[in-house]
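# Examination of the molecular architecture
Listed here are the chains, written in short residue letters.
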Amino acid sequence: MTNQASSPAKPALQIFKAKLAWRKDLNTNFAEFKFELLEPNRISFEAGQYLLLEVPETGHQRSYSIASPPSLDHAIHLLVDFTPQGPGSKYLQSLKPGEEVKMIAPLGRFVISDQDSQIGQTEKKIVLLATGSGIAPYKSMIEDRLITKKDYRPLTLIWGLRYESDQFWYDDFSLLASQHPNFSFQPVLSRPNEGWQFHKGYVTDVLSIQDDFSETGYFLCGNGSMVKDAREMLTQKGVAPENIHFETFF
Ligand SMILES: Cc1cc2nc3c(=O)[nH]c(=O)nc-3n(C[C@H](O)[C@H](O)[C@H](O)COP(=O)(O)OP(=O)(O)OC[C@H]3O[C@@H](n4cnc5c(N)ncnc54)[C@H](O)[C@@H]3O)c2cc1C
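Residues numbered from 1 in each chain as written. Predicted model: local features only at pLDDT ≥ 70, side-chain atom pairs only at ≥ 80, totals over all residues.

### Comments concerning the sheet that holds strand β11 (residues 216-222)
Rule in force here: DSSP calls a pair of strands paired once it identifies at least 2 bridges connecting them. A run of H or I in DSSP counts as a helix once it spans at least four residues, and a run of E counts as a strand once it spans at least two, with each numbered from the N terminus. Contacts are defined on C-beta atoms placed from the backbone: any two residues whose C-beta positions lie within 7 Å are in contact. Axis lines are fitted to C-alpha atoms, over the contacting stretch for helices. Their N-to-C directions set the angle, which ranges from 0 to 180 degrees.
Reading across from one edge, β10-β9-β8-β7-β11-β12 is the order of the six strands in this open sheet, with parallel pairing throughout. The open sheet is flanked by β10 (199-200) and β12 (244-248), the only strands paired with a single partner. Pairing geometry for strand β8 (residues 155-161) and strand β9 (residues 183-189), over seven bridges, is parallel. Of the residues in β9, the one forming a bridge with Leu161 is Leu189. Contacts from helix α5 (residues 224-236) reach β7 (125-131), β11 and β12 within the one sheet, and its direction differs from that of β11 by about 160 degrees.

Okay, structure coming up:
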């Protein structure tokens, strides 16, 4: 489920045939996949959009956010959480390099508006909240905003996982934060080991201690209860509905 953000014309929806180039296990639950596009061999999409993957022989389709930025247009990366073990995650878990998949893309309106757009002018700061695999669209959005679009607005990523052993991509986000003074990365763990130096608890705890909710675009992505709690909190803080963008994964 997505709310409607206003933004320019949508790139056209197409059916793609793609081949798994490689897969990298990030920890026991998460893996990153790179698919080379075969036919058509290029894609046009906006950072934050997703695709529908066909799960062969099941009649099912599953949604996955495109984790790579639009500047990589001959291939796409996906981040997959294997925890659910339904048709989609089982299929991707068993997929081998060289095997082909069918997908429909791009879909969704979970995108950051440009700073000079109508919505962008009311969003002088951007805050991204994620739980678990909800980080996938943000990998694309953050790289697109900081590297391609050179967006100078303050951009904060608050990402919640459970354990320290769940961590991945921390180095990538920390490096981006060291290179881009307008980007801040705030990891949160709900069950950290002793000695964890960053936020402990839930992403909504970190959200609640922000001191200024004005002129900010909030993006919420991940499990339904986080999205619901964060929307309620932001509404209570006086954030307008058009500045609360969300994508509910399950
Ligand atoms: C717009 C959109 C984008 C998405 N992008 C991604 C993405 O980038 N990466 C990704 O891994 N998933 C993503 N999802 C979720 C994905 O579409 C599937 O729902 C997920 O992979 C589970 O599919 P499944 O067939 O394995 O299990 P299902 O048969 O769909 O679900 C089995 C059970 O697991 C629960 N469940 C589903 N997902 C999770 C989860 N992550 N953790 C715990 N329980 C869960 C379901 O509620 C259900 O009870 C996205 C969903 C949407 C709507």
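### Focus: the domain arrangement of the chain
Our working definition: Residue ranges for the domains trace back to a domain assignment, done automatically or taken from a database. Residue polarity is assigned by list, with Asp, Glu, Lys and Arg as charged and Ala, Val, Leu, Ile, Met, Phe, Trp, Tyr, Cys and Pro as nonpolar; anything else, Gly included, falls into the polar class.
Considered domain by domain, the chain is made up of domain 1 (14-107) and domain 2 (120-248). Using C-alpha coordinates to define each centre, domain 1 is positioned 23 Å away from domain 2. Taken together, the contacts link 15 residues of domain 1 with 14 residues of domain 2. Here the residues of the side of domain 1 that touches domain 2 sort into eight nonpolar, six polar and one charged.

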